[in-house]
Amino acid sequence: MTIDLNRRDLMMGLAALGLASQTRLALAQESGLAFDAPKPFSFDQMVEQARQLAAQPYVPEVPRAADTLERIDFDQHWRIKFKPENTLQLNDGKAPIRFFHLGRYFKLPVGIHVVENGQARTLRYDPKLFSIPDDSPAKELPSDIGFAGFRVLEPNSDADWLAFLGAAYFRTSGEDNQFGMSARALAIDVATPTPEEFPRFTDFYLEPSVDGRLVITCALNSPRVAGVLRMDVKKGGPIVMDIQARYFAREDIGRFGIAALTSMYWYSETDKLRRVDWRPEVHDSDGLALWTGTGERIWRPLNNPNNVMTSTFTSDAPKGFGLLQRDRSFENYEDDGVFYERRASVWVEPKGDWGPGAVQLVEIPTDDEIHDNIAAYWLSAKPVKKGDAVSVDYVLHWANGEPYPGDVGKVVSTRLGRGGVAGQARPAGVTKVVVDFDGGLVAGLDRFEKGVKPVVSASRGTLSNIDAYSVKVGTAWRVTFDVAAEGAEPVELRLFLREGDKILTETWAYQFLPVPARS
């Protein structure tokens, strides 16, 4: 599931490239851009093409000039720059677009098509669109080798805010202009005994948006599925993608993850044993948030486990889920190079009734920040079988927080430490858990409110020393308790605060990984 180290570095590096935008689509020929003759285009037409493609056997794609592309490593790729005078201006300059070159980590080209008035014109690749050093292996490539992907810039700016590069991944810089986690169309057979399958976007159709920046229609293909996604992208503070996705299965698919999110979590304040780096915390996201069909709000802090762990949260007709970066204080990261506190949270808002199913969270061990080791996606209760058509609509919100936060208090920190009581002998195999809630109904509580009660449960083991009280600084309320469990198997913990029949907080749902008792 994890993205290769070099791919992650490459995406981060390319996102930082600055290239000026000067031309307009209407002046494409003057800018050096050339197009094929126009052909009729519509989303319905693309859906039908995907249906027909899925009815045919999959034809494996073989890169052209693979040996030469292999020589275009990270450093070589970095030196190949798209010429600013060739920028494609879309939607009257609201969406300047530049293109990525092929290389070692992106060997299969994608088709780039520009849509105007129901007609699509294919953009022709030309090495003259790029500034290529004389000693670059790219000089040896065929003159029609193709593009690897594209990125969208702010008007009259060097800064990009949206990028499509590699498989079916895409990223935005969110509302704080800092690239971090990624989204992807599908996650197929993640963390299963069979190899994970990575569908890829084969073609992009770019057109102006009526009330946003641009519309991107993406053709998708892989050994067991073909499909098409239409994304209407808006930018103004949060970046919002209104997505229509249509998939057609060539074969049975065991785990068909829809609206997939990919992130990185190394360590946070939760477990001090993970703090092997000088920085206090290192993560793109610190938790999975869910809003279930029954209205329950759940917060699941992320883990960096010793083994691959898959957690399933069942919910009929979910109202939303996302991987969030709640901790937005610079002093909790102290990284002035990548600014983890600015990383966007990504929230999935289903449109219509998605029916029964579950949100799955996959956590993969990592020993560094260079690996994307977290995945989250929706898994329908209905298995995907050969010949099935899957239609799903949703909205992606790239923002600092949840778009629909509700009025309950939120988890603001989770901490673990030695169990027992200070000043007394600490019992072996006992861990103290400390959870802080703040905001919403919690922030409005009187500091000396007597009716606030913690509701704590564990899937196994023993709970003791349960307490809840107002933190003396600010408006947060803190719950503390000890947990003891034998063996190394995970313990599922749940906690929320209530006052009488009123639920005051979201549900804290944590997978506690017992630490072996010290001898």
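Residues numbered from 1 in each chain as written. Predicted model: local features only at pLDDT ≥ 70, side-chain atom pairs only at ≥ 80, totals over all residues. Heavy atoms only, no water.

**Side note on the overall build of the chain**
What counts, and what does not: Helical segments are the DSSP runs of H or I of at least four residues, strand segments are the runs of E of at least two, and each set is numbered from the N terminus. Burial classification: accessible surface area is computed with a 1.4 Å probe over protein chains only, and a residue below 20% of its type maximum counts as buried, one above 50% as exposed, and the rest as partly exposed. When checking whether two residues touch, look at their non-hydrogen atoms; a contact exists if any pair is within 4.5 Å. Asp and Glu are treated as the negative residues and Lys and Arg as the positive ones, with His and the ends of the chain left uncounted. We put the charge of a Lys on NZ, of an Arg on CZ, of an Asp on CG and of a Glu on CD.
Check the secondary structure of the chain and you find 6 helices and 34 strands. Counting only C-alpha atoms, the chain reaches 80 × 45 × 45 Å along its principal axes. For the chain, with 519 residues in total, the buried portion stands at 55%. Long-range contacts, defined as pairs at least 24 residues apart, comprise 70% of the intrachain contacts of the chain with a sequence gap of at least 6. On the chain, the mean spot of the 60 positive side-chain charges and the mean spot of the 71 negative ones are 1 Å from each other.

**Points about the sheet that holds strand β8 (residues 147–153)**
Sheet strands pair by backbone hydrogen bonding; their relative direction is either parallel or antiparallel. In plain terms, the rule: At least two bridges found by DSSP between two strands are what make those strands a pair. In this description, a line fitted to the C-alpha atoms serves as the axis of each element, helices being fitted only across the stretch in contact, and the angle between N-to-C directions of two axes falls anywhere from 0 to 180 degrees.
Taken in spatial order, the 10 strands of this open sheet run β3-β4-β8-β9-β10-β11-β16-β25-β24-β21, and their pairing is antiparallel. With partners counted over all chains shown, the strands left at the sheet margins are β3 (88–90) and β21 (309–314), one partner each. On average, each strand axis in the sheet is tilted by 25° relative to the strand beside it, whichever way the strands run. Alignment of strand β11 (residues 182–188) against strand β16 (residues 256–263), held across 6 bridges, turns out to be antiparallel. Paired with Ile188 across the two strands is Phe256, which belongs to β16.

**Thoughts on empty space enclosed by the protein**
As a reminder of what qualifies: Cavities and pockets were defined on a 1 Å grid built from protein atoms only: a cavity is a group of points that admits a 1.4 Å probe but offers it no way out, a pocket is an open group of points flanked by protein on both sides within 12 Å along at least five of seven lines, and a lining residue is one with an atom within 4 Å of any such point. Grid points are joined across faces, edges and corners, and a volume is the space filled by probe spheres set on the points. Following the grouping adopted for this structure description, the nonpolar residues are Ala, Val, Leu, Ile, Met, Phe, Trp, Tyr, Cys and Pro, the charged ones are Asp, Glu, Lys and Arg, and the polar ones are all others, Gly among them.
Evaluated as defined, the whole model comprises 4 cavities of 30 Å³ or more. For the largest cavity, the calculated volume is near 140 Å³. If you trace the largest cavity, you find 14 residues lining it, with Glu269, Asp286, Trp299, Ser413 and Thr414 closest to the centre. Listing elements by their share of the lining of the largest cavity, those giving two or more residues are β20 (297–301) and β27 (410–418). Ranked by residue count, the leading element in the lining of the largest cavity is β27, at 4 residues. Of the residues contributing to the lining of the largest cavity, the split by class is 6 nonpolar, 4 polar and 4 charged.

**Re the pattern of salt bridges**
This is how the line gets drawn: In what follows, salt bridge is the name for a side-chain nitrogen of Lys or Arg lying within 4 Å of a carboxyl oxygen of Asp or Glu.
Under the defined criterion, the tally for this structure stands at 33 salt bridges. Taking the shortest distance from any N to any O, the salt bridge between Arg104 and Glu70 comes out at 3.3 Å. Placement of Arg104 in the loop between β4 (95–101) and β5 (111–116) and of Glu70 in helix α4 (residues 66–70) is noted, with a sequence separation of 34 residues between them. Across the pair Lys107 and Glu70 runs a salt bridge whose closest N-O atoms are separated by 2.6 Å. Taken as a pair, Lys107 in the loop between β4 and β5 and Glu70 in helix α4 lie far apart in primary sequence, 37 residues in all. A network of salt bridges, in which partner residues are shared, links Arg297, Arg326, Glu402, Lys410 and Glu506.

**Brief notes about the confidence of the model for the chain**
Rules: On a scale of 0 to 100, pLDDT captures the predictor's confidence in every residue.
Across the chain, the average pLDDT comes to 92, with 93% of residues at 70 or higher. Confidence over residues 1–30 falls short of pLDDT 50; this stretch has 101 contacts with residues more than four positions distant or in other chains.

**A word on the sheet that holds β27**
Taken in spatial order, the 4 strands make up an open sheet running β27-β28-β31-β30, and their pairing is antiparallel. Both outer strands of the open sheet, β27 and β30 (462–470), are each paired with one neighbouring strand and no more. Strand after strand, the sheet turns through a mean of 15° between neighbouring axes, direction not considered. By the bridge criterion, 7 bridges tie β30 to strand β31 (residues 477–484) in an arrangement that is antiparallel. Across the sheet, Leu463 pairs through a bridge with Val483, a residue of β31.

**Things to note about the environment of Thr292**
One can find Thr292 in the loop between β19 (287–291) and β20. Thr292 sits in the buried class, given a relative accessible area of 7%. The sequence separation of Thr292 and Thr314 amounts to 22 residues, and the corresponding C-alpha distance is 8.4 Å. Residue contacts for Thr292: discarding those within four places in its chain leaves Ile298, Ser315, Pro318 and Lys319.

**Comments concerning helix α3 (residues 43–54)**
As a reminder of what qualifies: One fewer than the residue count of a helix, multiplied by 1.5 Å, yields its expected span. By construction, the arc corresponds to the directions joining the helix axis to the C-beta atoms.
Taking 1.5 Å of rise per residue, the 12 residues of α3 would be expected to cover 16 Å, and the 17 Å separating its terminal C-alpha atoms lies within 8% of that figure. Among the residues making up α3, those that are buried are Phe43, Met46, Val47, Ala50 and Ala54. Across the axial projection of α3, the buried residues extend over an arc of 100°, all falling on one side. Those residues of α3 that are buried are in contact with β12 (200–208), β13 (214–222), β14 (225–235) and β15 (239–249).

**With respect to the nonpolar core**
As a reminder of what qualifies: Put simply, buried Ala, Val, Leu, Ile, Met, Phe, Trp, Tyr and Cys residues joined by side-chain atoms within 4.5 Å make one nonpolar core.
Within the largest apolar cluster, 88 residues are counted, with the highest numbers of intra-cluster contacts made by Phe201, Tyr247 and Leu396. Counting residues per element, this core draws most heavily on β15, at 6 residues. The residues touching Leu396, leaving out its near neighbours within four places in the chain, are Phe170, Ala183, Ile239, Val240, Met241, Ile243, Leu261, Val346, Trp347 and Val348.

**Brief notes about the pairing of strand β32 (residues 491–499)**
Remark: a regular strand shows side chains that alternate across the two faces of the sheet. The pairing of strand β29 (residues 452–458) with β32 spans 7 bridges and is antiparallel. The residue of β32 that forms the bridge with Val455 is Phe496. Alignment of β32 against strand β34 (residues 507–512), held across 5 bridges, turns out to be antiparallel. Each bridged residue has a counterpart across the sheet, and for Val491 the counterpart in β34 is Phe512.

**Some words on a positive patch on the surface**
Put simply, the test is: Each patch is built from residues that are more than 30% exposed by relative accessible area and take part in no salt bridge. Like charges join if they lie within 9 Å; nonpolar side chains (Val, Leu, Ile, Met, Phe, Trp, Tyr) join within 5 Å. With residues, only the protein chains shown are counted as cover, and all accessible areas are computed by Shrake-Rupley using a 1.4 Å probe.
There is a patch of like positive charges on the surface, built from Lys272, Arg275, Arg418 and Arg426. Relative to the assigned elements, Arg418 resides in strand β27. Given the relative accessible area of 58%, Arg418 is considered exposed.

**Considering the side chain of Lys235**
Quick reminder of the rule: Under the rule applied, a polar contact is a pair of N or O atoms within 3.5 Å (in protein, one hydrogen donor and one hydrogen acceptor; residues adjacent in sequence only if both atoms are side-chain atoms).
Looking at where Lys235 falls in the secondary structure, it is placed in strand β14. Within the local environment of Lys235, its side chain forms a polar contact with the side chain of Glu154, the two groups lying 2.5 Å apart. Leave out the neighbours within four places in its chain, and Lys235 touches Glu154, Trp161, Asn177 and Arg213.

**Some details on the packing of aromatic side chains**
This is how it is decided: Aromatic rings from Phe, Tyr and Trp, with only the six-membered ring used for Trp, were paired whenever their centres fell within 6.5 Å, and each pair was classed as stacked if the ring planes differed by under 30 degrees, edge-to-face if by over 60, and tilted otherwise. Placement of a charge over a ring requires the Lys NZ or Arg CZ to be within 6 Å of the ring centre, with the centre-to-atom vector within 35 degrees of the ring normal.
All chains considered together, the criterion is met by 22 aromatic pairs. A centroid spacing of 5.4 Å and a plane angle of 75° characterise the contact between Tyr125 and Phe147, whose relative ring orientation is edge-to-face. Here Tyr125, found in the loop between β6 (119–122) and β7 (130–131), pairs with Phe147, found in strand β8; they are 22 residues apart in sequence, far enough to count as distant. A relative accessible area of 12% means that Tyr125 is categorised as buried. Note on Phe201 and Phe204: the rings are 5.6 Å apart at their centroids and 70° apart in plane angle, and the pair reads as edge-to-face. For Phe201, a relative accessible area of 2% corresponds to the buried category. For Phe204, a relative accessible area of 2% gives the class buried. The rings of Phe82, Phe99, Tyr125, Phe130 and Phe147 are connected pair by pair, giving a single aromatic cluster. For the cation-ring pair, Arg297 lies above Trp291, with the distance from its terminal atom to the ring centre recorded as 3.8 Å. Between the NZ or CZ atom of Arg342 and the centre of the ring of Phe339, over which it lies, the distance is 3.9 Å.

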